[in-house]
Structures are given as structure tokens and as C-alpha cells.
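Each chain, letter by letter, is given below.
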Amino acid sequence: MKFNISREALLKPLNLVAGVVERRQTLPILANVLMVLDGDRLSLTGTDLEVELVGRVQLPAASDSGEVTVPARKLVDICKSLPEGSDIQISAQDSKVTVKSGRSRFTLSTLPAREFPNVEDSMGTHQFVLKQGQLKRLIERTGFAMAQQDVRYYLNGMLWELNDKQLRVVATDGHRLAMCTLPEKVGVNGDTQVILPRKGVLELARLLLEEDAEIAIVIGSNHIRATTNDFTFTSKLVDGKFPDYQRVLPRSPDKIVQGSRLELRQAFTRTAILSNEKYRGVRLKLTENTLDIVANNPEQEEAEESVSVDYKGEALEVGFNVSYLLDVLGVLSGEQIKISLGDPNSSALLEESDEGDSLYVVMPMRL
């Protein structure tokens with residue numbers, strides 16, 4: 001196996017593929033990236049047995065075909081350290097790979113390619129195509145609400161729901177919930193619900209670099225696969241039942257507040273400075289056309305902000321974790337934001353407007 005490639009052409013897919021490779025591995029081969037050369041097509045594969053990523057590169061000329069696995073981190077570091085615009089020559093012989101560029105020469109040890117694990121290649125039950133920008137928006141609008149290391153393992157991921165040709169993604173950590181629905185219908189038959197694990201969501205989001213380019217999604221019984229011209233991404237699905245998110249949405253909240261998203265975000269950011277560092281609680285006091293935000297901490301310090309809002313109705317006082325509110329205001333766009341509230345013990349519903357594609361629910365706090 002032998003080929004020439006420019007540093008930039010190799011570094012782009014190598015960086016993304018190496019991102020899947022875990023630093024601490026139980027199996028030595030999982031620290032390696034599989035390089036397969038077929039004529040003038042080079043493919044690079046990295047996996048941690050949960051997520052697999054294959055990057056493809058078109059070489060300027062056909063070369064000696066072959067396959068080999070090399071240490072992912074070391075190869076990335078070598079390529080990064082070479083000067084910009086340099087050409088790299090890679091050749092494999094016996095159990096070593098030689099990387100040459102200019103006056104630099106590196107010899108890396110390899111492991112047999114036949115030992116490299118292959119993530120199951122099963123047929124999917126649901127297939128559809130959408131634009132990368134659309135998928136990126138769905139993930140960006142909801143990903144922050146995924147749980148990180150919850151014992152309820154099904155919360156450490158994102159629900160993808162296909163229902164009546166509509167794609168909706170939902171994430172929750174039990175304290176807040178984020179939901180975004182693709183406005184356009186997708187051409188898919190049948191309904192399904194699957195949970196994509198947290199790492200799968202984050203890795204997939206890193207691949208969505210071209211807004212208008214298409215990405216093909218295939219959902220199977222225990223895998224999801226996403227394919228673009230340059231990459232094939234495969235992830236195992238979480239085997240579990242996602243909570244019924246419809247039950248979390250507040251039922252007919254009667255107190256509707258509308259205000260400037262920017263003003264509210266700045267006011268919350270300022271009051272958060274003096275909130276309790278552990279619980280991050282702020283008190284919202286709602287009176288006609290005014291929202292007062294108050295934060296206290298154990299050092300007896302206090303912050304108070306008053307924001308003009310559009311509200312008619314009776315007074316209400318309710319506590320929230322300010323970090324959760326700021327997360328939502330950080331992903332929403334648009335000038336105005338609508339907050340729907342019920343009583344001091346019920347959740348808040350946040351959205352841009354009635355026509356928006358995203359909904360957010362934040363549970364109240366007792367302060």
C-alpha cells in the first residue's frame with residue numbers, strides 16, 4: 001500500500017474520524033484508524049464500538065491498494081505538525097507504516113486490518129434525505145437539554161420521532177425539555193421512535209459542515225446511519241423507552257408573557273452573577289407589564305432586575321434555575337419571546353412565537 005496526498009486533504013477527514021476514537025481503550029485496535037486504499041479512493045474508519053465514522057478522500061492518482069490500521073492520535077499529531085501545503089507520502093510494509101514529507105520521516109507500528117471491528121451493517125426500516133443545515137438546526141436547538149450521565153440511561157441521548165412524515169427531535173434531562181420539529185415533511189413511510197446516544201449526537205453534529213448539501217438517513221432496529229458524499233456515520237441506538245414528552249407540556253397555561261429576548265437574556269445573565277452557585281435559583285415576580293427577577297446567595301447578597309414585558313393578569317411569583325432559562329434564550333432567535341406560565345408549581349413553556357418550530361419546558365424550583 002502506497003500513496004501521495006496533500007496535508008490538507010488528509011487532515012480534514014482524519015480529524016473528524018479520530019474524534020470518534022476514545023483515548024482510553026480496552027482493545028488496543030480501537031485506538032487505531034483503519035486506512036483502506038482502493039485505486040484512487042482512500043477511506044479512513046474510526047470506531048469505539050458504539051459509533052463508527054468513515055471518511056472518504058479522492059486521491060489525485062490511483063495507487064497500490066491495501067489496508068492497514070495506524071494509531072489515530074499519533075497520525076493526527078504528525079499531520080498537524082507538518083507545514084501547511086506540504087505533501088505527504090504514506091507507505092505500508094510488513095507491520096510498519098512510513099509517513100514522509102519533505103525532510104521528515106516517521107515510522108508507525110500497525111495492527112492487522114482484519115482485526116478491526118465492523119459495526120453491524122444491517123438494512124434500515126426507515127429512510128429519508130434532508131439538508132445538512134436542517135439537521136444541524138434540529139440538533140443545535142435541542143442538544144443542550146440532553147442528560148450527561150443520568151442513571152436513566154435513555155435520557156443520555158436524543159429522541160428522533162417520525163410521525164406522519166414529520167421529523168421531530170426531543171431531549172430532556174428531567175429538569176427541562178427541548179423539542180424541535182422540522183417544518184417540511186420528509187419522504188418516509190411508517191412511524192418510529194429511536195434514541196440516538198449522546199456521543200452519537202455530538203459526533204453527527206460535527207459532520208454537518210455544508211448547509212445546503214444533502215444527508216441521507218437510514219434508521220434500523222438498533223442502528224442509525226447518516227451518509228454524505230464525504231462521510232458515512234453509524235451509531236448504535238439506545239435500547240430503552242423515552243418518556244412520554246407530551247405529558248410534560250403544560251396544559252393550557254393562562255399567564256402569557258411576551259418580552260424582548262435580548263433584554264430578558266441580559267437581565268438573567270446579570271442576576272445569575274449573585275445566584276446561589278450550587279442551585280442557580282432566581283425568583284420571577286410577575287405583575288402587570290413588569291417582570292422582576294431576584295437572586296440571592298448564602299453570602300446574603302442580592303441582585304434585582306426589572307424588565308418591561310407585555311402581560312395582563314394577576315400577579316405570580318415562581319422560582320427557576322437561571323442556567324436553564326439562559327440555555328433556552330441562547331438557542332432561540334427572533335426579537336420577541338413568549339413565556340407561558342400557570343401557577344408557582346407548574347412548568348414554564350418558552351417559545352419564539354406561535355409559528356415557531358421549537359418548544360421548551362423548564363420545571364420550577366422551590367426557593
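Before going into details, it helps to say that this report is about the structure given with it. (Residues numbered from 1 in each chain as written. Predicted model: local features only at pLDDT ≥ 70, side-chain atom pairs only at ≥ 80, totals over all residues. Heavy atoms only, no water.)

A few words now on the pattern of salt bridges. Side chains that differ in sign of charge can pair as their charged atoms come close. Under the defined criterion, the tally for this structure stands at 15 salt bridges. The closest approach of N and O atoms between glutamate 22 and lysine 199, which form a salt bridge, is 2.8 Å. Here glutamate 22, found in the loop between α1 (7–20) and β2 (32–38), pairs with lysine 199, found in helix α4 (residues 198–207); they are 177 residues apart in sequence, far enough to count as distant. Residue glutamate 22 is classed as partly exposed on the basis of its relative accessible area of 35%. Exposure remark for lysine 199: the relative accessible area of 23% places this residue in the partly exposed category. Here arginine 176 ties to aspartate 173 by a salt bridge, and the two come within 2.9 Å at their closest N and O atoms. Of the two residues, arginine 176 and aspartate 173, both sit in the buried class. Here the residues in one salt-bridge network are Arg137, Arg141, Glu352 and Asp357, joined through shared partners. (Salt bridge = Lys/Arg side-chain N within 4 Å of Asp/Glu carboxyl O. Helix = DSSP H or I, 4+ residues; strand = E, 2+ residues; numbered from the N terminus. Buried < 20%, exposed > 50% of the residue type's maximum accessible area, 1.4 Å probe, protein only.)

Another point: empty space enclosed by the protein. Tallied over the entire structure, the rule returns three cavities of 30 Å³ or more. The space that makes up the largest cavity amounts to roughly 50 Å³. Where the lining of the largest cavity is concerned, the elements lending two or more residues are β14 (214–219) and β15 (223–227). The element contributing the most residues to the lining of the largest cavity is β15, with three residues. Here the residues of the lining of the largest cavity sort into four nonpolar, four polar and two charged. (1 Å grid on protein atoms, 1.4 Å probe; cavity = no way out; pocket = protein on both sides within 12 Å on 5 of 7 lines; lining within 4 Å. Points joined across faces, edges and corners; volume = space filled by probe spheres on them. Nonpolar A, V, L, I, M, F, W, Y, C, P; charged D, E, K, R; others polar.)

This part takes up the packing of aromatic side chains. For the coordinates displayed, the defined rule picks out two aromatic pairs. Between the aromatic rings of phenylalanine 144 and tyrosine 360, the centroid separation amounts to 5.9 Å while the plane-to-plane angle is 25°, which identifies the pairing as stacked. Placement of the pair is phenylalanine 144 in the loop between α3 (132–142) and β10 (157–163) and tyrosine 360 in strand β24 (residues 358–362), with a sequence separation of 216 residues. With a relative accessible area of 22%, phenylalanine 144 lands in the partly exposed category. (Phe/Tyr/Trp six-rings, centres within 6.5 Å; stacked < 30°, edge-to-face > 60°.)

An ideal rise of 1.5 Å per residue puts 16 Å on twelve residues; helix α5 (residues 261–272) measures up with 16 Å between its terminal C-alpha atoms. For α5, the set of buried residues is Arg261, Leu264, Ala267, Phe268, Thr271 and Ala272. Along the axis of α5, the buried residues cluster in a sector spanning 135°; they form a single face. Buried-residue contacts for α5 involve β17 (255–260), β18 (281–287), β19 (290–296), β20 (302–308), α6 (322–331) and β22 (336–341). (Expected span 1.5 Å × (residues − 1). Arc of directions from axis to C-beta. Contact = heavy atoms within 4.5 Å.)

Between two packed helices, what matters for the description is the angle formed by their axes and the separation of those axes. At a minimum axis distance of 10 Å, the contact between α1 and helix α2 (residues 72–81) shows a crossing angle of 145°. Between α1 and α2 lies a crossing of left-handed hand. In this structure, α1 uses Arg7, Leu10, Leu11, Leu14, Asn15 and Ala18 to contact α2, whose residues at the interface are Ala72, Arg73, Leu75, Val76, Cys79 and Lys80. Here the residues of the contact of α1 with α2 sort into eight nonpolar, one polar and three charged. (Axes fitted to C-alpha atoms, helices over the stretch in contact; angles between N-to-C directions. Left-handed = near helix turned anticlockwise from the far one by under 90°.)

All right, on to the sheet that holds strand β5 (residues 66–71) then. Backbone-to-backbone hydrogen bonds join strands into a sheet, with any given pair of strands oriented parallel or antiparallel. Ordered in space as β5-β2-β3-β4-β16-β15-β14-β9, the eight strands form an open sheet in which the pairing is antiparallel. Across the chains shown, the open sheet's two edge strands, defined by having one partner strand only, are β5 and β9 (126–131). Averaged over all pairs of adjacent strands, the angle between strand axes in this sheet comes to 15°, irrespective of strand direction. Here β2 pairs with β5 via six bridges, running antiparallel. Considered in β5, the bridge of valine 36 is made with glutamate 67. Running at roughly 85° to β5, α2 makes contact with β2 and β5 of the sheet. (Pairing = 2+ DSSP bridges.)

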